[in-house]
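Examining the three-dimensional arrangement
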Amino acid sequence: MNLVWHRADLRLHDNPALGEALKAGPVVGLVVFDPSILQNTSPRRRAWFYQNVAALREGYRRRGGSLLVRTGLPWEVLPQVVGELGVKGVFAVRNSTPYAQFRDRKVQEALPGQVRWLEGQYIHEPGTILKPDGGPYTVFTPFSKRWWAAQEPVLLEAPAHFPSVTPPPGYDLGSIPEEASDVPLPPVGEEAALRALEAFLHNKLPQYHQTRDGLAGEGVSRLSYYFTLGVLSPRLAARRALQVGGEGARKWVNELCWRDFSGDLLYHRPEMLSSAYDPRWNDLPWNDDSELFAAWLHGQTGIPVVDACMRELRATGFLSNRGRMVVAQFAVKLALLPWQKCERAFRDLLLDGDNASNLQGWHWAGGLGVDAAPYFRVFNLITQAETHDPGGVWLKRWVPESNGLAQPYKAPVLDLEFARRRYLAAAEKIAKKPGMAAESQEPKARGF
Ligand SMILES: Cc1cc2nc3c(=O)[nH]c(=O)nc-3n(C[C@H](O)[C@H](O)[C@H](O)COP(=O)(O)OP(=O)(O)OC[C@H]3O[C@@H](n4cnc5c(N)ncnc54)[C@H](O)[C@@H]3O)c2cc1C
């Protein structure tokens, strides 16, 4: 018997770990509820995770297979299950956050020679798209050129049936906790994700390049929460989009390239968990003002576009990319709130919260040294709303007090012009300093 250890790959379609395990013989699936991750994950995203594990279990069951679940530290749980079931080989899709690498090394040490790591979380794995000199890319455009030129991965279908193997009678398959979510959850499981993908390709992809930037997030796929848990294969999604073709498809697949770029940045520079990617930006004059932080977090700044974004996110678990850039820029550049605290609180609200993409997004929008985004680009929050929500329908929905107008609806917590000048004065000094290396640190689980 072989074990497929599912982590951020809660799917049966296009799952290289499952494909290889099936070549080796009968298969049983396993999900480990790792307390060091789950205790650092917000209730809404834990609920989303548990429900997708339940859907995966149902997928196994319908095909005559079994999915075990266990709670504990993977390097303790896996040897136990391997011993109890007489497992020959363990197969898992590689994860590459700093904690995942640390965890997987410990599992490998506990099961020497028995674990095989496969690709599948990304289209091209972190660490595989390299400069001609072998070094990592730090800027998106050259990364993307290499990425587009790389060989397309070979896709795998979900098995129709599992070869008959079941754990011994009476063997406890484990139960999946039920956790309430404080936001309505999207339809769960890979079949729902595949349907959502097809609906997006059919209805929105052709215009995606023109509609993707709206604050209301209506022209986009909203598939990110499936990608984060690997309920949907990004490799399959990209292939399907390119089969549809056109400018929208090219732009959309380029966003999946941003996802790979995010994974790659964190893989090569784990320091970005807590230090600015370019450590010079650690020296901005941060302002750890708890009232200002609370006003930002709860959508009570008086600035309609910021408040609409945060209120929508709190109420739904989703926010458009434009909205994410707006609130991150406001928090980092204008309010000078410590970005680490904001990134963490923001991730807790996202259903698609993902360490690599969220860190990249905060660094990019906050001008902390990721990519070539210039520090001196500071959004005008009035024109952002007017340009990306013309007519103010979205604004009025989330901030009725604004009546759909972009101007502050009450005295704002910050004088925006003063804040902009304050930031630019500090940033100009920092930009003149030579770069310096960040210190490395111990990997810690921080939830998914
Ligand atoms: C401050 C900030 C924080 C963010 N945090 C996250 C996060 O925690 N998790 C997350 O998945 N994305 C994050 N993003 C990236 C992006 O905003 C979301 O992926 C996107 O809005 C999700 O909506 P969608 O699925 O409709 O995207 P689409 O526009 O349909 O794009 C398709 C897919 O491409 C990927 N993608 C799109 N834009 C980006 C991007 N800029 N960076 C990386 N991947 C991208 C996502 O997987 C997305 O599902 C963040 C961006 C910013 C600016």
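Being a predicted model, the structure only gives us computed values, none of them experimental.

1. Considerations on the overall build of the protein chain
Regarding its fold elements, the protein chain presents 19 helices and 5 strands. Within the protein chain, the proportion of its 448 residues that are buried is 56%. Relative to all contacts within the protein chain whose residues are 6 or more apart in sequence, the contacts with residues 24 or more apart total 81%. Where the 52 positive side-chain charges of the protein chain centre and where its 48 negative ones centre are 2 Å apart.

2. So, the side chain of Arg259
If you trace the backbone, Arg259 turns up in helix H11 (residues 247–268). Of the side chains with opposite charge, Asp260 comes closest to the buried, unpaired Arg259, at an N-O distance of 4.3 Å. Filtering out sequence-adjacent residues up to four positions away, Arg259 remains in contact with Gln121, Tyr122, Phe227, Pro234 and Ser357.

3. As for the sheet that holds strand S4 (residues 89–93)
Strand order across the open sheet formed by 5 strands is S3-S2-S1-S4-S5, with parallel pairing between neighbours. In the strand order of this sheet, the two ends are held by strand S3 (67–71) and strand S5 (115–118), each with one partner. Neighbouring strand axes in the sheet, compared pairwise and without regard to direction, differ in orientation by 25 degrees on average. Direction of pairing for strand S1 (residues 2–6) relative to strand S2 (residues 27–33): parallel, over a ladder of 5 bridges. When the sheet's bridge partners are listed, Val4 is paired in S2 with Gly29.

4. A short note on helix H1 (residues 16–24)
For H1, every residue scored as buried is listed here: Pro16, Ala17, Leu18 and Ala21. Residues of H1 that are buried in the fold lie against S1, S2, helix H3 (43–62), S4, S5 and helix H10 (234–244). Where H1 starts, the residue carrying a side-chain oxygen 3.0 Å from the main-chain nitrogen of Ala17 turns out to be Asn15. Looking one or two residues past H1, Gly25 carries a phi angle of roughly 140 degrees, positive in sign.

5. Some words on the packing of aromatic side chains
For any two aromatic rings, the description comes down to two numbers: the centre-to-centre distance and the angle of the planes. Enumeration according to the criterion identifies 26 aromatic pairs in this entry. Both rings, one in Trp48 and one in Tyr226, keep their centres 5.6 Å apart while their planes meet at 55 degrees; by these two values the pair is tilted. Placement of Trp48 in helix H3 and of Tyr226 in helix H9 (residues 224–228) is noted, with a sequence separation of 178 residues between them. Residue classification places Trp48 among the buried residues on the basis of a relative accessible area of 0%. For Tyr226, a relative accessible area of 3% gives the class buried. Geometrically, the ring pair formed by Tyr375 and Phe376 is edge-to-face, given 5.3 Å between the ring centres and 80 degrees between the ring planes. We classify Phe376 as exposed; its relative accessible area is 54%. A network of ring pairs unites the aromatic residues Tyr137, Phe140, Phe143, Trp258, Phe261 and Trp364 as a single cluster. For the cation-ring pair, Arg324 lies above Phe318, with the distance from its terminal atom to the ring centre recorded as 5.4 Å.

6. A short note on the pairing of S3
Most of S3 is tucked away: 4 of the 5 residues are buried. Judged from the 5 bridges that link them, S2 and S3 form a sheet pairing that is parallel. Bridge pairing in S3 places Leu30 opposite Leu68.

7. Points about the confidence of the model for the protein chain
On average, residues of the protein chain carry a pLDDT of 95, and 97% of them reach 70 or more. Low pLDDT, under 50, characterises residues 436–442; the stretch is placed with 14 contacts to residues that sit more than four places away or in other chains.

8. Some words on the domain arrangement of the protein chain
Domain parsing of the protein chain yields domain 1 (2–121), domain 2 (190–268) and domain 3 (272–432). Relative to domain 3, the C-alpha centre of domain 2 lies at a distance of 24 Å. Contacts between the two partners involve 17 residues from domain 2 and, on the opposite side, 29 residues from domain 3. Regarding the contact of domain 2 and domain 3, the summed buried area is about 1,800 Å², with carbon and sulfur atoms giving 67% of it. Counting the surface domain 2 buries against domain 3, the share from its top three residues, Leu215, Leu265 and Leu266, is 38%. Between the two partners, domain 2 and domain 3, sit 1 salt bridge. Where Arg322 meets Asp213, a salt bridge forms, and the shortest distance between an N and an O atom there is 2.9 Å. For the interface between domain 2 and domain 3, the tally reads 7 residue pairs in polar contact (both at pLDDT 80 or more). Looking at the side of domain 2 that touches domain 3, the elements with two or more residues in it are H9 and H11. Looking at the side of domain 2 that touches domain 3 element by element, the count peaks at 6 residues for H11.

Cut-offs applied
- Within every chain, residues take consecutive numbers counted from 1 along the sequence as written.
- Note on the predicted model: pLDDT of at least 70 is required for a residue's local features to be given, and 80 or more for side-chain atom pairs to be given and counted; whole-chain, interface and lining totals, by contrast, use all residues.
- By convention in this description, side-chain values take in all heavy atoms of the structure and omit both hydrogens and water.
- Per the convention used, a helix needs a DSSP run of H or I reaching at least four residues, while a strand needs a run of E reaching at least two, with both numbered from the N terminus.
- Working definition: with a 1.4 Å probe on protein chains only, accessible area under 20% of the residue-type maximum means buried, over 50% means exposed, and in between means partly exposed.
- Only heavy atoms enter the contact rule, under which two residues are in contact if any of them lie within 4.5 Å.
- When charges are counted, Lys and Arg contribute as positive and Asp and Glu as negative, whereas His and the chain ends are disregarded.
- By convention, the point assigned to a charge is CZ for Arg, NZ for Lys, CD for Glu and CG for Asp.
- In what follows, salt bridge is the name for a side-chain nitrogen of Lys or Arg lying within 4 Å of a carboxyl oxygen of Asp or Glu.
- Strand pairing is assigned whenever DSSP identifies at least 2 bridges connecting the two strands.
- Here an axis means a line fitted to C-alpha atoms, over the contact stretch when the element is a helix, while the angle between two N-to-C directions is reported on a 0 to 180 degree scale.
- We call two N or O atoms a polar contact when they sit within 3.5 Å, provided that within protein one can donate a hydrogen and the other can accept it, with sequence-adjacent residues counted only if both atoms are side-chain atoms.
- Within 6.5 Å between ring centres, the rings of Phe, Tyr and Trp (the latter by its six-membered ring) count as paired, and their orientation is classed by plane angle as stacked under 30 degrees, edge-to-face over 60, tilted in between.
- By definition here, charges over rings are those cases where NZ of Lys or CZ of Arg is within 6 Å of the ring centre and within 35 degrees of the ring normal.
- The quantity known as pLDDT measures the predictor's confidence residue by residue, on a range of 0 to 100.
- How far each domain reaches was decided by an automatic or database domain assignment.
- Buried area is understood as the total, over both parts, of accessible area removed when two parts are fitted together, assessed with a 1.4 Å probe.

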